[in-house]
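Close look at the chain arrangement
Here is what each chain is made of, one letter per residue.
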Amino acid sequence: DTAVSQTPKYLVTQMGNDKSIKCEQNLGHDTMYWYKQDSKKFLKIMFSYNNKELIINETVPNRFSPKSPDKAHLNLHINSLELGDSAVYFCASSQYTGTANYGYTFGSGTRLTVV
Amino acid sequence: GENVEQHPSTLSVQEGDSAVIKCTYSDSASNYFPWYKQELGKGPQLIIDIRSNVGEKKDQRIAVTLNKTAKHFSLHITETQPEDSAVYFCAASAASGGSYIPTFGRGTSLIVHP
């Protein structure tokens, strides 16, 4: 199946731990993203990775670090987890040609709960 | 940067009625406007999009209209069904001259009562 797949779907961990969320897309898209969705459903961009260019949202704490080994993967590593990091994290991908935008394909989300 | 306002935040309709969700944007460079539907426990899914060179687009029971002058665009769902119940997000982005990363509205929770 062509899709954006992210793992794990649920992640429960203690404060202070380090965790990673993996994302893979097989759509051939050249741009991948990480979004955070809070309890009020607001979708907030965290990172965008387009053709080896990483665009960082300045409001994201540096405890969050994206890692992209290739165009099809964009993983999210989080250090020293805090209670406020609890949210649903979505990976997405799209095609961006420089002259036209296209819609996103989202993964199914990772619900992170920090206790 | 771009600012997208979405209204209403909650919309409750009876099955068979029409539903309209409205968004406004601020950046005149924005030229791509997608709409996403997010069902409970799932990721948002693209349902329809419109580019700035057209004023209206339809796909079965859903349609989107765009007024570039007024900088607003709307989602219209006709003959609503219970399975239309979800959170809907509008977004705006620019291919060039602005940010290609879409700015999302804050979402509209649509409830369709049988």
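Here is a short report on the structure shown in this document. These numbers were taken from a predicted model, which means no experiment stands behind them. (Residues numbered from 1 in each chain as written. Chains lettered and ligands numbered in written order. Predicted model: local features only at pLDDT ≥ 70, side-chain atom pairs only at ≥ 80, totals over all residues. Heavy atoms only, no water.)

1. Here we look at the overall build of chain B
Counted only if it meets this: What counts as a helix is a DSSP run of H or I of at least four residues, what counts as a strand is a run of E of at least two, and both are numbered from the N terminus. We call two residues in contact whenever any of their non-hydrogen atoms come within 4.5 Å of each other. Per-residue and other accessible areas follow the Shrake-Rupley method at a 1.4 Å probe size, with only the shown protein chains counted as cover for residues. The positive count covers Lys and Arg only, the negative count covers Asp and Glu only, and His and the chain ends enter neither. We put the charge of a Lys on NZ, of an Arg on CZ, of an Asp on CG and of a Glu on CD.
Regarding its fold elements, chain B presents zero helices and eleven strands. Reading the helices (α) and strands (β) of chain B from amino to carboxyl end gives β-β-β-β-β-β-β-β-β-β-β. Along the first, second and third principal axes, the C-alpha atoms of chain B reach 45 × 30 × 20 Å. In chain B, once contacts between residues fewer than 6 apart in sequence are set aside, the share between residues at least 24 apart is 54%. Per element, the accessible surface of chain B, about 5400 Å² overall, is 47% carbon and sulfur. Each charge class in chain B can be summarised by its mean position, and for the 10 positive and 12 negative side chains these summaries are 5 Å apart.

2. With respect to the pairing of strand 7 (residues 62-67) of chain B
For a regular strand, side-chain orientation follows a simple rule: the groups alternate between the two sheet faces. Residues and elements named next belong to chain B. Under the convention used in this document: Between any two strands, pairing holds if DSSP finds at least two bridges.
Two strands pair when backbone bridges link them, and strand 6 (residues 56-59) and strand 7 are joined in this way by four bridges, in the antiparallel orientation. If you follow D59 over to strand 7, its bridge partner there is I62. Hairpin geometry of strand 6 and strand 7 is characterised by an intervening segment of two residues between the two adjacent antiparallel strands and by a positive phi of about 55 degrees at Q60. Here strand 7 pairs with strand 8 (residues 72-77) via six bridges, running antiparallel. The partner of L66 across the bridge, within strand 8, is F73. Turn length for the strand 7-strand 8 hairpin, with the two strands adjacent in sequence and antiparallel, is four residues, and the turn residue K71 shows positive phi of about 60 degrees.

3. Digging into the sheet that holds strand 1 (residues 4-7) of chain A
Residue and element names in this part refer to chain A. Spelled out, the test is: Note on method: axes are straight lines fitted to C-alpha atoms, helices fitted across the in-contact stretch only, with angles between N-to-C directions ranging 0 to 180 degrees.
Spatially, 1-3-8-7 is the arrangement adopted by the four strands of the open sheet, whose pairing is antiparallel. Strands with a single pairing partner mark the edges of an open sheet, and in this sheet they are strand 1 and strand 7 (64-70). For this sheet the average axis-to-axis angle between neighbouring strands, irrespective of direction, equals 20 degrees.

4. Concerning the sheet that holds strand 1 (residues 4-7) of chain B
Pairing between sheet strands relies on hydrogen bonds along the backbone, with the strands arranged either parallel or antiparallel. Residue and element names in this part refer to chain B. One open sheet holds the five strands; their spatial order is 1-3-8-7-6, and the pairing between them is antiparallel. Pairing within the sheet leaves two strands with one partner each, and these edge strands are strand 1 and strand 6. Each neighbouring strand pair of the sheet contributes to a mean axis angle of 15 degrees, computed without reference to strand direction.

5. A look at the interface of chain B and chain A
Here is the rule we go by: One speaks of a salt bridge when a side-chain nitrogen belonging to Lys or Arg is within 4 Å of a carboxyl oxygen belonging to Asp or Glu. Any N or O atom pair separated by 3.5 Å or less is treated as a polar contact, with the protein-specific requirement of one donor-capable and one acceptor-capable atom, and with residues adjacent in sequence counted only for side-chain atom pairs. Nonpolar residues are Ala, Val, Leu, Ile, Met, Phe, Trp, Tyr, Cys and Pro. Charged residues are Asp, Glu, Lys and Arg, and all others, Gly as well, are polar.
Across the boundary between the two partners, chain B contributes 19 residues, which contact 25 residues of chain A. Taken together, the connections running from chain B to chain A amount to zero salt bridges. Seen at the junction of chain B and chain A, the total is three residue pairs in polar contact (both at pLDDT 80 or more). The greatest single-element share of the side of chain B that touches chain A, amounting to three residues, is contributed by strand 4 (residues 32-38) of chain B. A breakdown of the residues in the side of chain B that touches chain A according to their chemical character gives eleven nonpolar, five polar and three charged.

6. Describing the pattern of salt bridges
Definition in use: Partly exposed residues are those whose accessible area sits between 20% and 50% of the maximum for their type, while under 20% is buried and over 50% is exposed, using a 1.4 Å probe and protein chains only.
For the coordinates displayed, the defined rule picks out six salt bridges over all chains. The partner of B:K42 in a salt bridge is B:E39, with the nearest N and O atoms 3.4 Å apart. Judged by relative accessible area, which is 46%, B:K42 ranks as partly exposed. Each of A:R63, A:E82 and A:D85 takes part in a single network of salt bridges with overlapping partners.

7. Describing unusual backbone geometry
Each neighbour pair has its own omega, and for A:T7 with A:P8 the value is 0 degrees, a cis peptide bond. Mapped onto the elements of the fold, A:P8 is located in the loop between strand 1 and strand 2 (10-13). Note the cis peptide between B:H7 and B:P8, where omega equals -5 degrees. Even without being glycine, A:S80 reaches a positive phi, approximately 45 degrees. Of note, A:S80 is situated in the loop between strand 8 (73-78) and strand 9 (87-94). We classify A:S80 as partly exposed; its relative accessible area is 38%. Backbone geometry at B:K71 places phi at a positive 60 degrees, although glycine is not the residue there. By secondary structure assignment, the location of B:K71 is in the loop between strand 7 and strand 8.

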